[in-house]
Every structure is written in C-alpha cells, then in structure tokens.
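The lines below spell out each chain.
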Amino acid sequence: MASELGVQTIQHTNGTDALTISSTGDVTMPNRKIYHWHAYRDAGDVGVNTDIVFDNEISDSDGIYDNTTGIVTIPVTGVWQINFIGMSSDTAGNTGIGLFDKDNNRYDKIAVRNSSSWYGNISGSVALALTSGDTIKWRVTHGAIYGQTGNLVPTFSGFFVG
C-alpha cells in the first residue's frame with residue numbers, strides 16, 4: 001500500500017521555512033548554506049613533498065580556508081567538489097599533486113603530468129565525502145609546481161555539493 005504525504009512547506013519549530021514544494025514539484029530550500037572558497041598562490045615555485053599554500057583568497061564564504069597554512073576545515077558533512085589548476089615547472093617529466101588531511105594522510109592523487117616540457121598544464125577535480133571537522137590541503141607529490149608573483153596559478157577552489 002502506497003502512502004502519500006501532501007505538504008507545501010516544511011518548517012522548523014520556530015516557524016522558519018526550511019523547505020517549500022511548488023505546485024509543479026520544484027523544491028526550494030531558502031536557508032541552505034552555500035560554502036565555497038577560491039584562492040591562488042602569488043609566490044614562487046613549490047617543490048616536491050611541500051604543501052601548497054594559496055596565499056591570496058578570491059572568495060571564502062565562511063572563512064573555512066586558512067591562507068597561512070593552506071588548510072580548509074570542512075564545516076558540514078557531505079559531498080565536496082575540490083578543484084586544482086596549475087602548471088608544471090619540472091623538466092624531469094613528472095609532476096604530481098595530492099590532496100591530504102592536516103595529519104598528512106592522503107585522500108587522493110588528483111593530478112599527474114608526465115612531460116618534459118616547462119609550464120605544462122596540470123589540473124584535477126575530485127568529489128569527496130567528508131565529515132564536519134575534516135581538513136584538506138594540497139601537496140606536490142613529485143616534481144614541482146610553477147608559481148610567480150603576478151600570475152593567478154596555481155588556483156584551488158571547492159564547494160559544498162550536498
């Protein structure tokens with residue numbers, strides 16, 4: 001036997017609308033928090049086994065990114081989209097970027113570039129299920145990442161998916 005629940009608005013006990021369903025089925029959550037950050041590094045190259053600190057914040061909706069340590073502290077449990085764009089500065093042929101927690105445990109190897117040319121593009125994205133209080137930071141796992149004052153690479157961004 002199928003059950004049916006007919007509601008238009010779900011509210012908190014204080015009367016604040018938490019969820020509204022329109023007559024066409026559209027769902028809105030007016031107080032849903034949007035967390036995001038976007039930062040870039042405005043300094044020199046970053047070598048192997050070194051954390052990348054993105055010292056210039058373009059946006060940080062709730063102060064979850066620390067531009068002195070390069071660490072993002074996750075405020076809400078759920079899925080997070082995390083992105084990296086940069087350039088290799090290693091002619092040895094291999095450059096790798098990994099995503100780690102503050103205790104140096106690796107979540108994932110995000111990007112690898114195998115080429116002997118300077119300034120080759122290296123980028124990657126990942127969606128991770130993270131828990132409130134988890135931390136993330138980028139580290140060069142091999143090779144080196146290009147960085148120079150006045151350029152907007154490398155960049156790092158992320159946002160809460162849900």
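Criteria and thresholds
Chains are numbered independently. Their residues run from 1 in the order of the written sequence. Given that the model is predicted, a residue must reach a pLDDT of at least 70 before its local features are reported, and side-chain atom pairs must reach 80 or more before they are shown or counted; all residues, however, enter totals for whole chains, interfaces and linings. Working from all heavy atoms in the structure, the side-chain values ignore hydrogens and water. DSSP-based pairing: two strands are paired if at least 2 bridges between them are found. Here a strand is any run of E in DSSP of at least two residues, a helix any run of H or I of at least four, and the numbering for each starts at the N terminus. Lines fitted to C-alpha atoms define the axes, with helix axes restricted to the stretch in contact, and inter-axis angles between N-to-C directions lie between 0 and 180 degrees. When a residue's accessible area, from a 1.4 Å probe over protein chains only, is under 20% of the maximum for its type it is buried; when over 50% it is exposed; and in between it is partly exposed. Salt-bridge detection follows one rule: a side-chain nitrogen of Lys or Arg within 4 Å of a carboxyl oxygen of Asp or Glu. Side-chain atoms within 4.5 Å link the members of a nonpolar core, which is a set of buried Ala, Val, Leu, Ile, Met, Phe, Trp, Tyr and Cys residues. Contacts are assigned to residue pairs with any non-hydrogen atoms lying within 4.5 Å of each other. Only the six-membered ring of Trp is used, alongside the rings of Phe and Tyr, when aromatic pairs are assigned; centres must lie within 6.5 Å, and planes under 30 degrees apart are stacked while those over 60 apart are edge-to-face, with the rest tilted. By definition, being over a ring means that NZ of Lys or CZ of Arg is both within 6 Å of the ring centre and within 35 degrees of the ring normal. Nitrogen and oxygen atoms within 3.5 Å of one another constitute a polar contact, given that in protein one can donate a hydrogen and the other can accept it, and given that sequence-neighbouring residues count only through two side-chain atoms.

J.: Can you lay out the sheet that holds strand β6 (residues 56–60) for me, pointing to particular residues and giving the numbers?
T.: With antiparallel pairing, five strands are arranged side by side in an open sheet as β6-β4-β14-β9-β12. Strands with a single pairing partner mark the edges of an open sheet, and in this sheet they are β6 and β12 (121–130). Adjacent strand axes in the sheet meet at a mean angle of 10 degrees when their direction is disregarded. Where strand β9 (residues 78–87) lies against β12, ten bridges are found, and the strand directions are antiparallel. Directly across from Gly86, in β12, lies its bridge partner Ile122.

J.: So, the pairing of strand β13 (residues 135–142): which residues are in play, and what are the values?
T.: Most of β13 is tucked away: seven of the eight residues are buried. Where strand β5 (residues 50–52) and β13 come together, three bridges link them in antiparallel fashion. Bridging across to β13, Ile52 finds its partner in Trp138. Two elements, strand β8 (residues 71–73) and β13, share two bridges in a ladder whose sense is antiparallel. Within the sheet, the bridge partner assigned to Thr73 lies in β13 and is Thr135. Examined bridge by bridge, strand β10 (residues 94–100) and β13 share five bridges and lie antiparallel to one another. Bridging from a neighbouring strand, Gly98 pairs with Arg139 of β13.

J.: Quick rundown of the pattern of salt bridges? Include the residues and the values.
T.: Counted by the stated rule, this structure contains two salt bridges. Its salt-bridge partner being Arg139, residue Asp51 comes within 2.8 Å of it at the nearest N-O pair. You can see Asp51 sitting in strand β5 and its partner Arg139 sitting in strand β13, a full 88 residues away along the chain. Take Arg139: its relative accessible area is 13%, and that puts it in the buried class. Within this structure, Asp51, Lys137 and Arg139 form a network of salt bridges that share partners.

J.: Give me the nonpolar core: which residues, what numbers.
T.: Among the nonpolar cores identified, the biggest contains 26 residues, and Trp37, Ile52, Trp80, Ile82, Trp138 and Phe156 are the most heavily contacted of them. Within the residue set of this core, elements represented by two or more residues are β4 (36–40), β9, β10, β12, β13 and β14 (155–160). Per element, the largest residue contribution to this core is four residues, and it comes from β12. Setting aside residues up to four positions removed in sequence, Phe156 forms contacts with Trp37, His38, Ala39, Phe54, Tyr65, Val72, Ile82, Asn83, Ile136 and Trp138.

J.: Any chance you could break down the sheet that holds strand β1 (residues 9–11) for me, citing the residues and the numbers?
T.: Read from one edge of the open sheet, three strands run β1-β2-β3, paired in antiparallel fashion. Two strands in the sheet have a free side with no partner beyond their single neighbour: β1 and β3 (27–28).

J.: Hey, could you go over the packing of aromatic side chains for me, with residue numbers and the actual values?
T.: For the coordinates displayed, the defined rule picks out six aromatic pairs. Look at Trp80 and Phe160: their rings are 5.1 Å apart centre to centre, the planes differ by 55 degrees, and that puts the pair in the tilted class. Linking Trp80 in strand β9 with Phe160 in strand β14, this pair joins segments that are 80 residues apart in sequence. Note on Phe160: relative accessible area 17%, which makes it buried. Over the aromatic face of Phe100 sits the side chain of Arg139, whose NZ or CZ is 4.5 Å from the ring centroid.

J.: So, the side chain of Ser88: which residues are in play, and what are the values?
T.: In this structure, Ser88 sits in the loop between β9 and β10. According to the relative accessible area criterion, Ser88 is buried, its value standing at 1%. One polar contact links Ser88 to Thr95, side chain to side chain, over a distance of 2.7 Å.

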